[in-house]
Amino acid sequence: MNPCVVIQGRGDHLNTIIHNYNPDNTIISTWKDVSPVEGYISIHNDLLPRIHGNLNLQAFSTHQGCLKAKDMGYDYVLKVRSDISIKDIDSVFASFTPGLEYLNKGKYASKS
């Protein structure tokens, strides 16, 4: 399993929560007016969705973060908001493993 975290949002709380995430597998997807966080991969979106609104902004920046994760070779993405802090992200990833193993063995397995 090759997971990463995509932190999506304006970044107002990033300096408070960022220390809980490993820079080796964390992507920050935010907007061009947000300062980058040293040591972390950041996407600073400057194109806005045609139809503005918080939901469209969230969807757009999440999508951009997931595309970056795919380009970097990650298999799984855990998307979190920039005001959410998960203190033990490794435990969260470990909890996914049994379910993913089941799906990969069962009828839902990818036919690649």
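Residues numbered from 1 in each chain as written. Predicted model: local features only at pLDDT ≥ 70, side-chain atom pairs only at ≥ 80, totals over all residues. Heavy atoms only, no water.

S.K.: Break down the side chain of Thr-30 for me, citing the residues and quoting the values.
M.R.: Mapped onto the fold, Thr-30 is located in strand β2 (residues 26-31). Within polar-contact distance, the side chain of Thr-30 engages the backbone oxygen of Gly-9 at 2.5 Å. (Helix = DSSP H or I, 4+ residues; strand = E, 2+ residues; numbered from the N terminus. Polar contact = N/O pair within 3.5 Å; in protein donor to acceptor, adjacent residues only side chain to side chain.)

S.K.: Describe the environment of Val-80, with residues and values.
M.R.: Relative to the assigned elements, Val-80 resides in strand β4 (residues 76-81). Relative accessible area serves as the criterion here: at 5%, Val-80 is assigned to the buried category. Discounting chain neighbours no more than four positions away, the residues touching Val-80 are Val-5, Val-6, Ile-7, Gln-8, Tyr-21 and Ile-86. (Buried < 20%, exposed > 50% of the residue type's maximum accessible area, 1.4 Å probe, protein only. Contact = heavy atoms within 4.5 Å.)

S.K.: Outline the packing of aromatic side chains, supporting the account with residue identities and numerical values.
M.R.: The full count for this structure, using the stated rule, is one aromatic pair. Pairing Trp-31 with Phe-60 gives two aromatic rings, centres 5.9 Å apart and planes at 15 degrees, and the pair type is stacked. Taken together, the residues Trp-31 in strand β2 and Phe-60 in helix α2 (residues 54-71) connect sequence positions 29 residues apart. Overall, Trp-31 belongs to the buried group, its relative accessible area being 5%. Given a relative accessible area of 23%, Phe-60 falls into the partly exposed group. (Phe/Tyr/Trp six-rings, centres within 6.5 Å; stacked < 30°, edge-to-face > 60°.)

S.K.: Quick rundown of the sheet that holds strand β3 (residues 41-45)? Include the residues and the values.
M.R.: Ordered by their spatial adjacency, four strands build an open sheet running β3-β2-β1-β4, and the pairing between neighbours is parallel. Two strands close off the open sheet at either side, each with one partner strand: β3 and β4. Here the strands of the sheet are splayed against their neighbours by 20 degrees on average, with no regard to which way each runs. In this structure, β2 lies alongside β3, joined through five bridges in parallel fashion. Looking at β3, one finds that Trp-31 is bridged to Asn-45. (Pairing = 2+ DSSP bridges. Axes fitted to C-alpha atoms, helices over the stretch in contact; angles between N-to-C directions.)

S.K.: Describe the confidence of the model for the protein, naming the residues involved and giving the relevant values.
M.R.: Within the protein, residue pLDDT values average 80, and 78% of them lie at 70 or more. Mean pLDDT across the secondary structure elements of the protein bottoms out at helix α3 (residues 89-105), with 68, and peaks at strand β1 (residues 3-8), with 91. Segment residues 106-112 is flagged for pLDDT under 50; beyond a separation of four residues in sequence, or across chains, it makes three contacts in the model. (pLDDT = per-residue confidence, 0-100.)

S.K.: Which residues make up the nonpolar core, and what are the values?
M.R.: Formed by 14 residues in total, the largest nonpolar core has its most connected members in Ile-7 and Tyr-21. Breaking this core down by element, the ones donating at least two residues are β1, α1 (14-17), β4 and α3. Ile-7 has contacts with Leu-14, Ile-18, Tyr-21, Thr-26, Ile-27, Ile-28, Ser-29, Val-80, Arg-81 and Ser-82, leaving out every residue within four places of it along the chain. In terms of nonpolar packing, the next biggest core, distinct from the first, is built from six residues, Val-6, Ile-27, Ala-69 and Tyr-74 among them. (Core = buried A, V, L, I, M, F, W, Y, C linked by side-chain atoms within 4.5 Å.)

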